[in-house]
Amino acid sequence: MVRVFGNASALLTVAMKNKQILLGLSRSFFNLAIRPRSNATNCLQCRAKFWAQTQNILLCFVLLLTLGASAEAQSALPSDSGTPSPELSSRQYLFGDWGGERSALAEKGITFDFFYITDMQANPSGGLQQTYAGWERTRGTVDINFDKMIQWQGLSFHATGLWQSGANLGGKIGTLANPSDLVSQHSTRLDSFWVQQLFLHKKLRIRAGQLAGLDFYGNQEYGGTWLIEPLGYAFGNLFGSIYESFNPAGTPGAEIYFAPTSHFYVKSAVMAGNRNPYQQDPTGTNFAIRNSPNFLFEAGYLTGKTYPGEYKFGGVYNGGKFPSPAGLESSGNYLIYGMASQALFRPDAGSNRGLDATIGFDYSPGDVSRENVQITAGARINGPFVSRPKDRIGIGFVYSKISDPFSNFGALLGGPRLGSEKALELNYSLQVTPYFLLQPTFQYYGNVGGNPSLSNAPVLGFRTKITF
């Protein structure tokens, strides 16, 4: 097993060293997209050079993956085994099954998830400035189910850690809804870890440890279909309004979950409402409890299997001090939200192919919450083509509103009267192989940052994800 991890680690090191090739390719693409051209001839010449460079880089990258993964698979197999390694295009993970070790561990209740993901995006016009930015993340997760190890049943453990870095395109443009749901802060951190116990034939669950609140309260059921933050992950104003912990800056907490039937559940939690989680616990290992806690609640209803859906309503309360636009503090703030996600069409019974739709909203008092309303809506087509059952088309809309008290106060200080921002996204998820995803995306922002004086901003980009 040590040998398998060593081979995987070595190949991961090679891949990470060569990530600059991809980033260089992405930067070339966006420079081409946003750089003004003096005439058509220069533009064509630049495009021709760019395409030649792109072909060479992609060819080198494909060869790197093919040769590296093949070498890993061969070295992971026993020397006396005559079983050929799986085809690179069909294996579930880039590093395969680690010579059977991954499956053997899964049978014992130990599972892993390792992936590298990056967003590269640019706005050729509009917003505060025209620029490009990229954000990358490497994450590892381990889950241990102790049912097969000890007589005590229903006990499990979860931990996840990451490294992430990049630039914040939303901050540069001035958007309320960030174009990428990956962006937060440069960090190498133990994100979350917990121990949980099941009772009453798995109807009752108690979980305690370090939790990311937005992973469970206010998160999108179809998250991952979109890149834009409120649709791809969770409502973007939950931390700004109420200081609910988020991925990857989890905070200490405990949760109780009860599902009396397969169609209904209720859950509640208390979590530390750390207002500067990266500074208060830089590595995620200090188990820091700071500031006033958050009290969270959610109830949900799940529909049948043929047309699955989930309808949920929840809220968060924080009893700490919150300032008004003028800086006057008052005690307590809350946020409520509701979401509905439903499969609408399936061409074949039991298939995941077809049309899904989702809609959600949240609200918090505008006297202490600057961005106090957010509405999300989206639709996705799973398996749009019979020959591409794992691909997906996504279209989404995000409405983000600056509260009237904050808008009025800003106008009194001589600034523009801020209102609401509207954002659209259209993307295509191309599942090139089971372990490699390519997702080109187009976004369009109207009233960037709720500021009517800023020009509307189109955003072009793509996401890549490799599961190891």
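Residues numbered from 1 in each chain as written. Predicted model: local features only at pLDDT ≥ 70, side-chain atom pairs only at ≥ 80, totals over all residues. Heavy atoms only, no water.

Within this structure, the stated rule accounts for 11 salt bridges. Here aspartate 191 ties to arginine 139 by a salt bridge, and the two come within 3.2 Å at their closest N and O atoms. Taken as a pair, aspartate 191 in strand β4 (residues 187–199) and arginine 139 in strand β2 (residues 132–145) lie far apart in primary sequence, 52 residues in all. We note that aspartate 191, like arginine 139, is buried. A salt bridge links lysine 267 to glutamate 298; the nearest nitrogen and oxygen atoms lie 3.7 Å apart. Placement of lysine 267 in strand β7 (residues 264–271) and of glutamate 298 in strand β8 (residues 294–302) is noted, with a sequence separation of 31 residues between them. (Salt bridge = Lys/Arg side-chain N within 4 Å of Asp/Glu carboxyl O. Helix = DSSP H or I, 4+ residues; strand = E, 2+ residues; numbered from the N terminus. Buried < 20%, exposed > 50% of the residue type's maximum accessible area, 1.4 Å probe, protein only.)

Of all residues in the chain, 82% attain a pLDDT of 70 or more, and the chain-wide mean is 85. Under a pLDDT of 50 for its full length, residues 1–85 has, in the predicted model, 89 contacts with residues more than four places off or in other chains. (pLDDT = per-residue confidence, 0-100. Contact = heavy atoms within 4.5 Å.)

On the surface, Ile395, Phe397, Leu424, Leu426, Phe442, Tyr444 and Leu460 cluster together to form a nonpolar patch covering roughly 580 Å² of accessible area. Going through the elements one at a time, β13 (392–402), β14 (420–433) and β15 (436–446) are the ones with two or more residues in the nonpolar patch. (Patch = residues over 30% accessible without salt bridge, like charges linked within 9 Å, V, L, I, M, F, W, Y side chains within 5 Å. Areas by Shrake-Rupley, 256 points an atom, 1.4 Å probe, with all protein chains shown as cover.)

So, about the side chain of glutamate 298. On the basis of relative accessible area, glutamate 298 is assigned to the buried category, the value being 1%. Here tyrosine 265 takes part through its side chain, which lies 2.5 Å from a polar atom of the side chain of glutamate 298. Ignoring any residue separated from it by four or fewer positions in sequence, one finds glutamate 298 in contact with Phe216, Tyr217, Gly218, Tyr265, Val266, Lys267, Lys312, Phe313, Gly314 and Tyr337. (Polar contact = N/O pair within 3.5 Å; in protein donor to acceptor, adjacent residues only side chain to side chain.)

With that settled, the discussion passes to the pairing of strand β3 (residues 155–166). Bridging between β2 and β3 involves 11 bridges; their strand directions are antiparallel. By the bridge assignment, asparagine 145 is partnered in β3 with serine 156. As judged from the 10 bridges shared by β3 and β4, these two strands associate in the antiparallel manner. Pairing of histidine 158 across the sheet is with tryptophan 194, part of β4. (Pairing = 2+ DSSP bridges.)

What follows is about the nonpolar core. With 20 residues, the main nonpolar core has Leu214, Tyr217, Leu238, Phe246, Met271 and Leu296 as its most contacted residues. When residues of this core are traced back to their parent elements, those giving at least two are α7 (238–242), β7 and β10 (329–345). The dominant element in this core, judged by the number of residues it contributes, is β10, at three residues. Residues within four places of leucine 296 in sequence aside, it is in contact with Tyr217, Glu244, Lys267, Ser268, Ala269, Val270, Met271, Gly315 and Val316. (Core = buried A, V, L, I, M, F, W, Y, C linked by side-chain atoms within 4.5 Å.)

What follows concerns the packing of aromatic side chains. Counted under the stated rule, the structure contains 12 aromatic pairs. Centroid distance tryptophan 98 to phenylalanine 114: 6.2 Å. Interplanar angle 35 degrees. Geometry classified as tilted. Placement of tryptophan 98 in the loop between α3 (40–76) and α4 (101–107) and of phenylalanine 114 in strand β1 (residues 110–122) is noted, with a sequence separation of 16 residues between them. Looking at phenylalanine 114, the relative accessible area reads 28%, which means it is partly exposed. Grouping aromatic residues by their ring pairs yields a cluster made of Phe239, Tyr243, Phe246, Tyr278 and Phe322. (Phe/Tyr/Trp six-rings, centres within 6.5 Å; stacked < 30°, edge-to-face > 60°.)

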